Amino acid sequence: GYLALLFLCLFVIKSLSLLLSSPLRLNRRTSVNMRNFSVFERFSKAFQDHPSLTRILVVSTISGGGLIAYSEANASYGANGAALVETGTRKKKVVLLGTGWAGTSFLKNLNNSQYEVQIISPRNYFAFTPLLPSVTCGTVEARSVVEPIRNIGRKNVDTSYLEAECFKIDPASKKVFCRSKQGLSNGKKEFSVDYDYLVIATGAQSNTFNIPGVEENCHFLKEVEDAQKIRKTVIDLFERASLPELSDEERKRILHFVVVGGGPTGVEFAAELHDFVTEDLVSLYPRAKGSVRITLLEAADHILTMFDKRITEFAEEKFSRDGIDVKLGSMVTKVNEKDIAAKTKGGEVSSIPYGMIVWSTGIGTRPVIKDFMKQIGQGNRRALATDEWLRVEGCDSIYALGDCATINQRKVMEDVSAIFSKADKDKSGTLTLKEFQEAMDDICVRYPQVELYLKSKRMRGIADLLKEAETDDGSKKNIELKIEEFKSALSQVDSQVKFLPATAQVAAQQGAYLAKCFDRMEECEKNPEGPIRMRGEGRHRFRPFRYRHLGQFAPLGGEQTAAQLPGDWVSIGHSSQWLWYSVYASKQVSWRTRVLVVSDWMRRFIFGRDSSSI
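The numbering scheme is per chain: residues are counted from 1 as the chain's sequence reads. With the structure being a predicted model, the display of local features is reserved for residues of pLDDT at least 70 and the display and counting of side-chain atom pairs for 80 or more, all residues being used for whole-chain, interface and lining totals. Calculated side-chain values reflect all of the structure's heavy atoms, with hydrogen atoms and water omitted.

Here we come to empty space enclosed by the protein. Only protein atoms enter the 1 Å grid used here, on which a cavity is any set of points holding a 1.4 Å probe that cannot leave and a pocket is any open set flanked by protein within 12 Å on both sides along at least five of seven lines; residues with an atom within 4 Å of a point are listed as lining. Grid points are joined across faces, edges and corners, and a volume is the space filled by probe spheres set on the points. Tallied over the full model, the rule gives two cavities of 30 Å³ or more. The volume enclosed by the largest cavity comes to roughly 170 Å³. Around the largest cavity sit 19 residues that line it, and Glu272, Asp275, Glu559, Gln577 and Arg604 are the ones nearest its centre. In DSSP terms, a helix is any run of H or I states spanning at least four residues, a strand is any run of E spanning at least two, and both are numbered starting from the N terminus. Listing elements by their share of the lining of the largest cavity, those giving two or more residues are helix H10 (264-284), strand E24 (552-557), strand E25 (560-565), helix H19 (574-586) and helix H20 (591-607). Here the lining of the largest cavity gets four residues from one element, more than from any other, and that element is H10.

Spelled out as C-alpha cells, the structure:
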C-alpha cells in the first residue's frame, strides 16, 4: 500500500512540474506577463490551459487521500487483528436484562471498553421509583422521574438497546429468547441473543398471593404507567362524585380510597393522597367535602415494621390525627368490583365498599425467572439464589441482582473444619490464638456474619470469643484450641445471617459492585484480591459484596418525613422533609431529571398540584 502511494506521489509531483513549467513554452509576450503573476495565478492559468492534465491531477489527489485513509485503516485493523489473533481475545458480549435500579447502576458504572453490552428490556427508560407516589398525585410529573436508557452509560463502552421482553433463558447454549413489544411491528416477533456474560436485573412484580379479584380490580404501584393510571382514576372519581342526582351513599363509596399494605410505598401513597385531597381537591370539588375517606389495611400488628419503633408509633398517631383509618391485623380475602372482604386475626370478616384500591403488599417472582429457576434446580425458592459475588449458583457466567435475586450467604459452621485447617498453618491439629488472629481478616471478609455477631455482642475482637480458654495469668498467645473448642466458639455466629431487603438502595449498590468486578476481571484473575478460599487453593478474585445501609425515609404527609439513618439516628418532622428533598434530588441519574424534579416541587409550592385528568 505504501509503495503504491509512493509511486502516486511521484506522479503528482511530475504533473505539477509540467503544469508549472508549461508557460515557458508559450510565446514571449505571454512569458513576460507570467512573470508578474502570483503563484496562485500561475496554478490557475496552468489548469485552464491543460484541462486533461488537471483532471488527472485531481483524480490522483483524491485517490491518494483515499489510499492513505485505506492504508492507515487497514494497518490499524491489521495491527488490531494481529493483536486479537496473538492474544486470542475479543470483546466479551454482556447481555443485560432490565433497566431498573440494578441494571441502570451496572450500566452507569461499567467503564471497560473490552465489553459489548446488549440491553434488553420492555421499557426504554430508567424510572426513579421512590417518587412514584408523588407522581400519582401530581406533585411530580411522570417525565420528570424517567431518563432514556440510551442516555445512560459510559461513552467508551459499546452499548445497544432492544425494546423486547425476555421470556426464556437457556444457560446451556448461552442464549436468551426474547419477544418484541406488541405494536413495534406486525405482531410480536421472537428472536434469540447470544451472550458471554448474562446479567439478570429484571426486578419483580406485585405479589397478589393468589387472592381472588386482586388482579382484575386493584391498582398497583410498580411502574410509571401504574402511577399515571392511579392519578387519572383519582380525578375521574372526583368528577363522578360531583355529578347531580348521586346518592350520598354512592358518593361516599366512590370517594373511599383503600390502600392495602402498610410498607413504605403504601404509607407514602396514603400520605400523598391525603395531602392532595385536603390541599387541592376539596376546594375544587365542593360536593366531595366530607365524603372522602382513606383506609389503610395492614395484616401485621403495625405499619412500617422495617423502621424503628419510634417512627412506627409516630406514623400511626399522625395518620389517626389526619383521619386516615389504619386497620391493623386485617387480611384481605377477596376483592369484588365494589367491595373488599377483609378478615381480622379473630376470624371476623367484614365487607368494605370502595371506589379505588391500591395494592402494595410486596413483590413476587416474574415468570421468566420462575422458568429459569426450574431449569437450574431452584424451583422451590422465591428468588434466584446467588453467591456472595452475585453469581447465580451453578452458573459461572450468569449474574443476578436486585429484586429478582437473593444472596445465599455461606454459613461458618458449614466450613468450620476447612477454616480450622486453613488457620492451622503448622498442621499440628490444634490452633493457637495467634494463628486464629492471622486468619481473622479473611474470615470476616468471607463471612460477614462474624463481624456482625461481634458487634451485636459488643466484643472488641475474636479473642473475646475465647475467654474461657484464658490461663490464670491472662496469657493467650500460647493457648491451643482443638476443633471442638473452635466449633463451640463460632457456634452462634450464623445467627446473624440476614437476607437483604428488596429496596432500590440494595439494587443500586449491587449494580455498582458488579460493574467494578467486570472492570477489573482480567486484573483480578492474575492478582486476586479476595479472601482465602477455605475449600480450595489460592484466593477469590474479588472481595464479596457487602451492603452498606445508608438510611431510609418515610414521608408521612404535611411536609413531615421520618428519617432513620445509620447509627440508630432517628429524625421526624419538617427538617427531615428538607433532608428528603435534598437526598432524592441528588440521587437522580442525570442533571436533566434533577432540574425537572426540583422545578416540579417549586411549581407545587407556588401553584398547587395539577388536577387535570391526563
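What follows picks up the thread again.
Another point: the environment of Cys444. One can find Cys444 in helix H14 (residues 433-446). Using a relative accessible area of 14% as the deciding quantity, one classes Cys444 as buried. Between the C-alpha atom of Cys444 and that of Pro531, which follows or precedes it by 87 residues, the distance is 9.0 Å. Ignoring any residue separated from it by four or fewer positions in sequence, one finds Cys444 in contact with Val450 and Arg546. For the exposure calls, accessible area comes from a 1.4 Å probe over protein chains only, and a residue counts as buried if that area is under 20% of its type's maximum, exposed if over 50%, partly exposed in between. Contacts were defined at the residue level, with two residues in contact if any of their heavy atoms lie within 4.5 Å.

The next point concerns the packing of aromatic side chains. Working definition: a ring pair exists when centres of Phe, Tyr or Trp rings (six-membered ring for Trp) sit within 6.5 Å. Plane angles under 30 degrees give stacked, over 60 give edge-to-face, the rest tilted. Under the definition given, this model contains 20 aromatic pairs. When the ring of Phe238 is compared with that of Phe257, the centres are 6.2 Å apart and the planes differ by 20 degrees; the resulting orientation is stacked. Here the residue Phe238 occupies a position in helix H8 (residues 224-241), and Phe257 occupies one in strand E11 (residues 256-260), the gap between them amounting to 19 residues. You'll find Phe238 and Phe257 in the same group, each marked buried. Members of the aromatic cluster, each reached through a chain of ring pairs, are Trp101, Phe126, Phe128, Phe553, Trp578, Trp580, Tyr581, Tyr584, Trp601 and Phe605. The criterion is that NZ of a Lys, or CZ of an Arg, lies within 6 Å of the ring centre and within 35 degrees of the ring normal, and then a charge sits over that ring. The ring of Phe314 is capped by Arg321, whose NZ or CZ atom sits 6.0 Å from the centre of that ring. Lying over the aromatic face of Tyr447, Arg446 brings its terminal NZ or CZ to 5.3 Å of the ring centre.

With that settled, the discussion passes to helix H13 (residues 416-423). Residues spaced three or four apart along an α-helix point in a common direction, a consequence of the helix completing one turn every 3.6 residues. Those residues of H13 not exposed but buried are Val416, Ala418, Ile419, Phe420 and Ala423. Those residues of H13 hidden inside the fold are in contact with strand E22 (431-432), H14, strand E23 (480-481) and helix H16 (483-489).

The terminal C-alpha atoms of H14, which comprises 14 residues, lie 19 Å apart, in line with the 20 Å expected from a rise of 1.5 Å per residue. Burial of H14 is extensive: 10 of the 14 residues sit out of reach of the surface. Taken residue by residue, H14 has Leu433, Glu435, Phe436, Ala439, Met440, Asp442, Ile443, Cys444, Val445 and Arg446 as its buried positions. Multiplying one less than the number of residues by 1.5 Å gives the expected span of a helix.

Relative to the helices and strands, Arg609 resides in the segment after H20. Polar contacts here mean pairs of N or O atoms no more than 3.5 Å apart (in protein, one a potential hydrogen donor and the other a potential acceptor; neighbouring residues in sequence count only if both atoms are side-chain atoms). Side chain to side chain, Arg609 and Thr139 meet in a polar contact 3.0 Å long. Here the side chain of Arg609 touches Asp280 through a polar contact of 2.7 Å, side chain to side chain. Among all residues touching Arg609, those that are not within four sequence positions of it are Cys137, Gly138, Thr139, Glu272, Asp275, Phe276, Glu279, Asp280 and Arg604.

Turning our attention to the pattern of salt bridges. Salt bridges are counted wherever a side-chain nitrogen of Lys or Arg sits within 4 Å of a carboxyl oxygen of Asp or Glu. Inspection of every chain in the model, using the stated rule, returns 34 salt bridges. Close ionic contact of Arg123 with Glu223 constitutes a salt bridge, the shortest N to O distance being 2.5 Å. Highlighted residues: Arg123 in the loop between strand E2 (115-121) and strand E3 (125-127) and Glu223 in the loop between strand E10 (219-220) and H8, separated in sequence by 100 residues. Here Arg123 falls in the buried class, since its relative accessible area comes to 14%. Asp236 serves as the salt-bridge partner of Lys232, at 3.0 Å between the closest nitrogen and oxygen. Taken together, the residues Lys232 and Asp236, both in helix H8 and four residues apart, mark about one turn of the helix. You can call Lys232 partly exposed: its relative accessible area is 40%. Ionic contacts of the salt-bridge type, sharing partners, join the residues Glu141, Arg231, Asp600, Arg603 and Asp610 into one network.

Strand pairing is defined by DSSP finding a minimum of two bridges between the two strands. Pairing is antiparallel across the open sheet formed by three strands, whose spatial order is E14-E15-E16. At either end of the open sheet lies a strand with only one pairing partner, and these are strand E14 (330-335) and strand E16 (349-353). Taking the axes of each pair of neighbouring strands and ignoring which way they run, one obtains an average angle of 35 degrees across the sheet. As defined by bridge partners, E14 adjoins strand E15 (residues 339-344) across five bridges and the pair is classed as antiparallel. Among the inter-strand pairings, Ser330 is bridged to a residue of E15, identified as Thr344. Axis lines are fitted through C-alpha atoms, for helices just across the contact stretch, and the angle between N-to-C directions can take any value from 0 to 180 degrees.

Here we have three strands laid out as an open sheet, ordered E24-E25-E26, and antiparallel in their pairing. Two strands in the sheet have a free side with no partner beyond their single neighbour: E24 and strand E26 (569-573). Sheet twist, expressed as the average angle between the axes of neighbouring strands with direction ignored, equals 10 degrees. Note: E25 against E26, five bridges, orientation antiparallel. Across the sheet, residue Thr561 finds its bridge partner in E26, namely Gly573.

At Asn210, a position not held by glycine, the phi torsion is positive, near 60 degrees. The topology assignment puts Asn210 in the loop between strand E9 (205-206) and helix H7 (214-217). Taking relative accessible area as the criterion, Asn210 reaches 74% and is therefore assigned exposed. Its identity is not glycine, yet Glu245 carries a phi of approximately 60 degrees, on the positive side. Among the structural elements, Glu245 can be located in the loop between H8 and helix H9 (248-254).

Attention now goes to the UniProt feature "domain: EF-hand" (unreviewed entry) in the chain. UniProt positions are given in the numbering used here, feature names are shortened, and annotations may be inferred rather than shown by experiment. Mapped onto this numbering, the UniProt entry gives "domain: EF-hand" (unreviewed entry) at residues 411-446. When the span residues 411-446 is considered, its composition is 61% helix and 6% strand, and the gap between its end C-alpha atoms is 10 Å.

Attention shifts here to the pairing of strand E12 (residues 293-298). Counted residue by residue, E12 has five buried out of six residues, so it is predominantly covered. With five bridges joining them, E11 and E12 adopt parallel strand pairing. Paired with Val259 across the strands is Leu296, a residue of E12. Where the polypeptide runs from E11 across H10 and back to E12, its parallel neighbour, the crossover connection is right-handed. Sheet topology places E12 next to strand E13 (residues 325-328); four bridges connect them, and they run parallel. The residue of E13 that forms the bridge with Glu298 is Leu328. If you view a crossover with the strands going away from you and the path from the first strand over the helix to the second runs clockwise, you call it right-handed.

This part is about a nonpolar patch on the surface. To count toward a patch, a residue needs a relative accessible area above 30% and no salt bridge. Like charges then connect within 9 Å, nonpolar side chains (Val, Leu, Ile, Met, Phe, Trp, Tyr) within 5 Å. Accessible surface area values rest on a Shrake-Rupley calculation with a 1.4 Å probe, where residue burial reflects the displayed protein chains alone. Nonpolar side chains collect at one region of the surface, where Trp578, Val598, Met602, Phe605, Ile606 and Phe607 lie side by side and expose about 710 Å² of accessible area between them. The element contributing the most residues to the nonpolar patch is H20, with five residues. Relative to the assigned elements, Val598 resides in helix H20. Taking the relative accessible area as the measure of exposure, Val598 reaches 32% and is therefore partly exposed.

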